[in-house]
Amino acid sequence: MNFSVTVLGTASAIPNSKRNPSSQLINIHERYFLVDCGEGTQIQIRKNKQKLGKINHIFISHLHGDHIYGLFPLLSTYNLLDRTSPLHIYANKNLEKILAFHVQYFISNQKFEIIFHTLPEGESINLYEDDHVLITAFPLQHSVPTHGFLFKEKDRLRKINKHKIKEYNIPVTQIMNIKNGASYTTKEGKLIPNNKITLDPPPARRFAYCSDTAYTESILPFVENVDLLYHEATFKENEKERAKTTQHSTAKEAATIAKLAKAKRLLVGHFSSRYKYLEALKKEAQIVFKETELAIDGETYIIPEKIIYPL
Ligand SMILES: [Zn+2]
Ligand SMILES: [Zn+2]
C-alpha cells in the first residue's frame, strides 16, 4: 500500500531556476492530495509524471502568494480539460472570495463544482476521512492565519496467518470475522485465540506538513511520532532574528521540533533564495536531528510499510 510524498517545490517567497514555490502531492493508497499550490505547480505535476485528474482535494496552508499563485491556472486547466468531478479546496475563508473573482473572469462555462471548506483560524479540525485516511489541520504560527496538515493512515485489519488457516482447516467464511478480531472454534470444540491465527497489521503511517511557521512547540501534539515530518527551514541559525520577525524557522529549530516530536525522519524545505547551496542548512539540522534530509524539487519520499512476518 503506497504512502508517498512528492515534493513539487522547495523555494520560499522568491523562486529560482532550481527551486519552485511550495507544493506537495501526497499519495496514500492511490488517493492523491495536493498541499499548497505555488506558482508553476501544474507544470511541476506534469514534469514529474503525476496526473492532474487524480487530485480531488487541495489543502492550502495560508494565503501567501508562494503557496497559492499556482491554484488559479490549475483551475482554468481543469475546466479546459472538461473536468466534471467536484474539487474540494480547504483554506482560509478569504480564499473563497479571491476564487470567486477568478472564476467570474477567467472560467467561462464552469464544468466542475468547487466545494470550499473553511479552515477555522487558530483551531484544529478533521478535514477528510475515509476507510483508509484521516487528514487533520492544526494551527501554525505565522504572520497570517496558517495551518499545518497531518495525514494519517488508519489502522488496518489484522493479517491472516496463512499457515495457521491451513493447520486448523479454517473455512473461508470465517476469514473476515477473524480479520476483525474474532477467535475460532474448531469442529472438535477447541477455541483458537485470535492472536494464534493472525498477525498484527503493519503500523499505521503518518506524515505532517508544517509550512510556514515560526518555531512553536504548540504543534508537538499533532506531529508526535510521525514517520515523516516536513518542516520549513527558511533560514540558517545565524539569521535567527530574521526568522523570528518574519515568523519562519531556522534549520536548527526545525530539527529541534523533529527531535522533541520523536519523528522518524525530517524533511526540511521552504529555503530562502539567499542560499544557493543548502548543505550548511542540512548539517546544522543534523547536529540536532540526524535523520534530516533536504527536500528536493521533483523527489518522491516513500514512507515504507513495516512488514511483519509470521513466526
Ligand atoms: Zn511561504
Ligand atoms: Zn508564508
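Refer to the structure above for everything that follows.
A quick note: this is a predicted structure, and the numbers were derived from the prediction, not measured.

Within the protein, the secondary structure is distributed over eleven helices and 18 strands. Judged by the C-alpha coordinates and their principal axes, the protein covers about 75 × 55 × 35 Å. Burial status across the protein gives 50% buried among its 311 residues. Accessible surface, the protein: about 15,400 Å² in total, of which carbon and sulfur atoms supply 53%. Of note, the protein has its 41 positive side-chain charges centred 6 Å away from the centre of its 33 negative side-chain charges.

Right, let's get into the coordination of the zinc ion (ligand 2). Protein coordination at the zinc ion (ligand 2) comes from His62 (NE2), His64 (ND1), His142 (NE2) and Asp212 (OD), with a distance range of 2.2 to 2.3 Å. Considering all four donor atoms around the zinc ion (ligand 2), angles at the metal cover 91 to 165° and the coordination shape is irregular. The class for histidine 64 is partly exposed, based on a relative accessible area of 22%.

The next point concerns the pairing of strand E1 (residues 3-9). Counting buried positions along E1 yields seven of seven residues, so the element is predominantly enclosed. Pairing between E1 and strand E2 (residues 23-28): six bridges, direction antiparallel. Looking across to E2, one finds that phenylalanine 3 is bridged to isoleucine 28. As paired elements, E1 and strand E18 (residues 300-302) share three bridges and run antiparallel to each other. Its bridge partner lying in E18, serine 4 is registered against isoleucine 302.

All right, on to the pairing of strand E6 (residues 114-118) then. Note that strand E5 (residues 87-91) and E6 share five bridges and pair parallel. Paired with alanine 91 across the bridge in E6 is threonine 118. Taking the sense of rotation as the criterion, the β-α-β connection linking E5, helix H4 (residues 94-106) and E6 turns out right-handed.

We now examine the packing of helix H3 (residues 71-80) against H4. Following both chains from N to C, one finds H3 and H4 inclined at 45°, their axes separated by 11 Å at the closest point. By the angle between their directions, the pair H3 and H4 is classed as oblique. H3 and H4 meet at a crossing whose hand is right-handed. Facing H3, whose interface residues are Leu71, Phe72, Leu75 and Ser76, H4 presents Leu95, Ile98, Leu99, His102 and Phe106. Residue classes in the contact of H3 with H4 are distributed as seven nonpolar, two polar and no charged.

Grouped together as the largest cluster of nonpolar side chains are 29 residues, with contacts concentrated most on Val223, Leu229 and Leu266. For this core, the secondary structure elements donating two or more residues are strand E14 (206-210), helix H8 (220-223), helix H10 (251-261), strand E16 (265-269) and helix H11 (279-288). Considering each element in turn, this core owes the most residues, six residues, to H10. Setting aside residues no more than four positions away along its own chain, valine 223 makes contact with Phe138, Ala208, Cys210, Leu229, Ile257 and Ala261.

Note on placement: glutamate 284 falls in helix H11. Residue class for glutamate 284 comes out buried when judged on its relative accessible area of 16%. Sequence separation between glutamate 284 and glutamate 237 is 47 residues; the distance between their C-alpha atoms is 7.8 Å. The residues touching glutamate 284, leaving out its near neighbours within four places in the chain, are Lys236, Glu237, Thr250, Ala251 and Lys252. A polar contact of 3.0 Å, which involves the side chain of glutamate 284, links it to the backbone nitrogen of lysine 252.

Moving on to a nonpolar patch on the surface. Together, Phe101, Tyr105 and Phe106 line one region of the surface with nonpolar side chains, adding up to about 420 Å² of accessible area. Among the secondary structure elements, tyrosine 105 is positioned in helix H4.

A few words now on the environment of lysine 162. Take lysine 162: it is sitting in helix H5 (residues 162-168). With relative accessibility at 69%, the residue lysine 162 sits in the exposed group. Separated by 58 residues in sequence, lysine 162 and leucine 220 have C-alpha atoms that sit 40 Å apart.

Procedures and definitions
- Residues numbered from 1 in each chain as written.
- Chains lettered and ligands numbered in written order.
- Predicted model: local features only at pLDDT ≥ 70, side-chain atom pairs only at ≥ 80, totals over all residues.
- Heavy atoms only, no water.
- Helix = DSSP H or I, 4+ residues; strand = E, 2+ residues; numbered from the N terminus.
- Buried < 20%, exposed > 50% of the residue type's maximum accessible area, 1.4 Å probe, protein only.
- Areas by Shrake-Rupley, 256 points an atom, 1.4 Å probe, with all protein chains shown as cover.
- Lys, Arg positive; Asp, Glu negative; His and termini not counted.
- Charge placed at Lys NZ, Arg CZ, Asp CG, Glu CD.
- Donors = N, O, S within 2.8 Å, 3.2 Å for Na, K, Ca; no water.
- Tetrahedral: all angles 85-135°; square planar, octahedral: opposite > 155°, others 65-115°.
- Pairing = 2+ DSSP bridges.
- Right-handed = clockwise from strand over helix to strand, strands pointing away.
- Axes fitted to C-alpha atoms, helices over the stretch in contact; angles between N-to-C directions.
- Parallel < 35°, antiparallel > 145°, perpendicular 65-115°, else oblique.
- Left-handed = near helix turned anticlockwise from the far one by under 90°.
- Contact = heavy atoms within 4.5 Å.
- Nonpolar A, V, L, I, M, F, W, Y, C, P; charged D, E, K, R; others polar.
- Core = buried A, V, L, I, M, F, W, Y, C linked by side-chain atoms within 4.5 Å.
- Polar contact = N/O pair within 3.5 Å; in protein donor to acceptor, adjacent residues only side chain to side chain.
- Patch = residues over 30% accessible without salt bridge, like charges linked within 9 Å, V, L, I, M, F, W, Y side chains within 5 Å.
- Salt bridge = Lys/Arg side-chain N within 4 Å of Asp/Glu carboxyl O.

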